[in-house]
Amino acid sequence: MLSKCMDTIKGLKLKKMYEEDFFLTWEKTMDELKGVFAVADALRALREHNISPRIFDSGIAVSLFRDNSTRTRFSFASACNLLGLAVQELDEGKSQLAHGETVRETANMISFMADVIGIRDDMFVGRGNAYMRQVAAAVRQGHADGILAQKPTLVNLQCDIDHPSQTMADALHLIHEFGGVEQLQGKKIAMTWAYSPSYGKPLSVPQGIIGLLSRFGANIVLAHPKGYEIMPEIEELAARQAAESGGSFRRTDSMEDAFADADVVYPKSWAPFAAMQQRTLLFDQGDQAGIAELEREMLTQNSRYQNWQCTEEKMKLTKNGNALYLHCLPADISGVSCETGEVSQEVFNRNRISLYKQASYKPYIIAAMIFLAKVQDPSAGLLALAAGQMPRQMK
């Protein structure tokens, strides 16, 4: 596996990833995406053969989670530890941000020995990705000014627009399941809304999935009830990328239509883009009563679509009745985590092992994003790791 990965990497143009951040998958070239997949597999192979993949022997990675997280939080910590970094969480409630400390100042103060900063900021439209870019610009300037000995790499651990570590892990899972990235060409992938008894789930997973998988020649179907639209510019991006890659993109308001003859299904709840815009405005105004009323309205709206559930009956509509079921987890499982949810117990339990394997790619994807930003010649770097001769990286 390791030699195959290095052969792949040698044929890719990856120089522009060095010393760069990772914000959105569609900002990366196809070579760069394939490079992340190959390095992720290589790092996994090193670990599985008990060879240390550490490129650091000291230093920290800073994590900032403005939303709850299990998988991504532990995946980031695992990825950083795999490469030799300790993780320090930034708890904004215990920082000086409440006293008016600026983004520029905070970013520099946490980065004197930081090689990586990972941020999750996904709750408010127009905020998360913009904030990440502010932090990245601040530490880049801090490095240029001689304040920081190194420029920390910023990794998007989920924002209001995209969830690149999740969608790249999902894609790598598909690549392994179908036998190669080229095998995604022509596959029907259904990214569908599903009922949840909760409100406010971010748009970044469905947007990230159609924004990434449309680049590999897949036939993408985005399904949701009327009123649950995502950001229109992401739909336009997916349609354009699908046409360029030889695939297709369309939208439907029928879950059954999306599932019909699908190779892959991804039933996942999300909040309407319009509602998320309204929520952001209410938050900015400090209108807690308005936010509570919006939540009541959205939960009432959700309740009209409880039939948007992934069941065995719907799975029978898929290709040979055996589509690959994906979910970013945790799923709302009917009769387990809620009375009625995104997926039935039968479907979830039948696919549980595959789902856990899907999740297992995320630490390696994050580690690969960091590796490619820190190692100027990734092929030579992997060879040095395999030989136990990798010097500490600091740029």
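Residues numbered from 1 in each chain as written. Predicted model: local features only at pLDDT ≥ 70, side-chain atom pairs only at ≥ 80, totals over all residues. Heavy atoms only, no water.

## Considering the nonpolar core
With 130 residues, the main nonpolar core has Leu43 and Tyr325 as its most contacted residues. Excluding residues within four positions of it along the chain, Leu43 makes contact with Pro53, Leu82, Leu83, Tyr364, Ala367, Ala368, Phe371, Leu382 and Leu385. (Core = buried A, V, L, I, M, F, W, Y, C linked by side-chain atoms within 4.5 Å. Buried < 20%, exposed > 50% of the residue type's maximum accessible area, 1.4 Å probe, protein only. Contact = heavy atoms within 4.5 Å.)

## A look at the pattern of salt bridges
According to the stated counting rule, one finds 18 salt bridges in the structure shown. For Asp253, the salt bridge is made with Lys226, and the minimal N-O distance between the two is 4.0 Å. A residue pair is termed long-range when its members are at least 10 positions apart, and Asp253 in the loop between β7 (248-252) and α9 (255-259) and Lys226 in the loop between β6 (219-223) and α8 (232-245) qualify at 27 residues. Between Lys314 and Glu256 there is a salt bridge, with its nearest N and O atoms 3.9 Å apart. A residue pair is termed long-range when its members are at least 10 positions apart, and Lys314 in helix α12 (residues 312-315) and Glu256 in helix α9 qualify at 58 residues. Among the ionic contacts, a cluster of salt bridges with common partners joins Glu20, Asp21, Arg140 and Lys151. (Salt bridge = Lys/Arg side-chain N within 4 Å of Asp/Glu carboxyl O. Helix = DSSP H or I, 4+ residues; strand = E, 2+ residues; numbered from the N terminus.)

## Quick look at the sheet that holds strand β9 (residues 324-325)
On the basis of which strands lie adjacent, the open sheet formed by 5 strands has the order β7-β6-β5-β8-β9 and parallel pairing. The sheet terminates laterally at β7 and β9, the two strands that pair on one side only. Inspection of the sheet shows β6 paired to β7 by 5 bridges, in the parallel sense. Residue pairing in the sheet places Leu222 in a bridge with Arg251 of β7. This element, α8, spans β6 and β7 of the sheet and lies at about 145° to β7. (Pairing = 2+ DSSP bridges. Axes fitted to C-alpha atoms, helices over the stretch in contact; angles between N-to-C directions.)

## What to know about the sheet that holds strand β3 (residues 114-121)
Read from one edge of the open sheet, 4 strands run β2-β1-β3-β4, paired in parallel fashion. Looking at strand neighbours, the two that pair on one side only are β2 (86-89) and β4 (153-159), the edges of this open sheet. The mean angle between the axes of side-by-side strands here comes to 20°, regardless of whether they run parallel or antiparallel. By the bridge criterion, 4 bridges tie strand β1 (residues 60-65) to β2 in an arrangement that is parallel.

## Overview of the environment of Ser111
In this fold, Ser111 is placed in the loop between α4 (103-109) and β3. Sequence separation between Ser111 and Gly186 is 75 residues, and the spatial gap between their C-alpha atoms is 45 Å. Beyond its immediate stretch of four places on either side in the chain, Ser111 contacts Ile117, Val139, Leu148, Gln150 and Pro152.

## Quick word on the packing of helix α7 (residues 204-213) against α8
Running from amino to carboxyl end, α7 crosses α8 at an angle of 20°, the nearest separation of the two axes being 8 Å. Here α7 lies roughly parallel to α8, going by the angle between them. Viewed along their axes, α7 and α8 form a crossing whose handedness is left-handed. For the pair formed by α7 and α8, the contact residues are Gln207, Ile210 and Gly211 on the first element and Ile234, Glu235, Leu237, Ala238 and Gln241 on the second. Among the residues making up the contact of α7 with α8, the classes are represented as 4 nonpolar, 3 polar and 1 charged. (Parallel < 35°, antiparallel > 145°, perpendicular 65-115°, else oblique. Left-handed = near helix turned anticlockwise from the far one by under 90°. Nonpolar A, V, L, I, M, F, W, Y, C, P; charged D, E, K, R; others polar.)

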